[in-house]
Amino acid sequence: PDPGVRAAMEGIGMAFSVLFAVESLVKILALGFIVGPKTYLQTAWNHVDFYIAIIGMLDFIPTGSGTGDVSALRSLRALRPLRAVTKFPELRFLVVLLLRCIPMLA
């Protein structure tokens, strides 16, 4: 795309990465991280949110020579739409249903 559009998309991506990280941090501070009955990582969907927030922080690692491994990890940003699954119970139900049907296709 046009360099201006590319820069705008990268800026928006970084803004979302920051928002996701702040949301995770607030939830961790409110619920606790691991230890306790209803902590942040007790829910599997929060695991997804946490991993996506961590992957989003890869946007802030400078690119250049020798960062091929980071570039490969950045491809995992495609998982960001999965965050919508954690927000909408109906969508979560459909994703779980699809995942349960995959073994039946083999």
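Undergrad: Help me understand the overall build of the protein in this model?
TA: The number of helices and strands found in the protein is five helices and zero strands. Across the protein, helices and strands are ordered from the amino to the carboxyl terminus as α-α-α-α-α. Nonlocal contacts in the protein, meaning residues at least 24 apart in sequence, comprise 48% of its contacts between residues at least 6 apart. For the protein, the exposed surface amounts to about 7,500 Å²; the carbon and sulfur share of it is 74%.

Undergrad: What should I look at first to understand the side chain of D49 in this one?
TA: Residue position: D49 is located in helix α2 (residues 44-56). The class for D49 is buried, based on a relative accessible area of 1%.

Undergrad: What should I look at first to understand a nonpolar patch on the surface in this one?
TA: Residues V18, V22, V26, M57 and F60 make up a contiguous nonpolar surface patch of roughly 390 Å² in combined accessible area. If you trace the backbone, V18 turns up in helix α1 (residues 3-31). A residue is classified by how much of its surface remains accessible, and V18, at 39% relative accessible area, is partly exposed.

Undergrad: When you look at the packing of aromatic side chains in this model, what are you seeing that I'm missing?
TA: Working definition: an aromatic ring pair is given by the centre-to-centre distance plus the angle between the planes. What the rule picks out here adds up to four aromatic pairs. Relative to F50, the ring of Y40 has its centre 6.2 Å away and its plane inclined at 75°; by these criteria the two rings are edge-to-face. Taken together, the residues Y40 in the loop between α1 and α2 and F50 in helix α2 connect sequence positions 10 residues apart. Of the two residues examined, Y40 and F50, each falls in the buried class. Clustering of aromatic rings is evident, with ring pairs tying together F33, Y40, F50 and Y51.

Undergrad: What am I meant to see in helix α5 (residues 89-105) here?
TA: One turn of the α-helix equals 3.6 residues, which is why residues spaced by three or four share an orientation. With 17 residues, α5 extends 25 Å between its outermost C-alpha atoms, agreeing within 8% with the 24 Å of an ideal straight helix rising 1.5 Å per residue. The buried fraction of α5 amounts to one of the 17 residues, a small share that puts the element mostly on the outside.

Undergrad: Can you help me understand the environment of L91 in this one?
TA: Following the sequence through the fold, L91 ends up in helix α5. Classification of L91 by relative accessible area gives partly exposed; the value is 34%. Beyond its immediate sequence surroundings of up to four residues, L91 is in contact with A84 and V85.

Conventions and cut-offs
Residues numbered from 1 in each chain as written. Predicted model: local features only at pLDDT ≥ 70, side-chain atom pairs only at ≥ 80, totals over all residues. Heavy atoms only, no water. Helix = DSSP H or I, 4+ residues; strand = E, 2+ residues; numbered from the N terminus. Contact = heavy atoms within 4.5 Å. Areas by Shrake-Rupley, 256 points an atom, 1.4 Å probe, with all protein chains shown as cover. Buried < 20%, exposed > 50% of the residue type's maximum accessible area, 1.4 Å probe, protein only. Patch = residues over 30% accessible without salt bridge, like charges linked within 9 Å, V, L, I, M, F, W, Y side chains within 5 Å. Salt bridge = Lys/Arg side-chain N within 4 Å of Asp/Glu carboxyl O. Phe/Tyr/Trp six-rings, centres within 6.5 Å; stacked < 30°, edge-to-face > 60°. Expected span 1.5 Å × (residues − 1).

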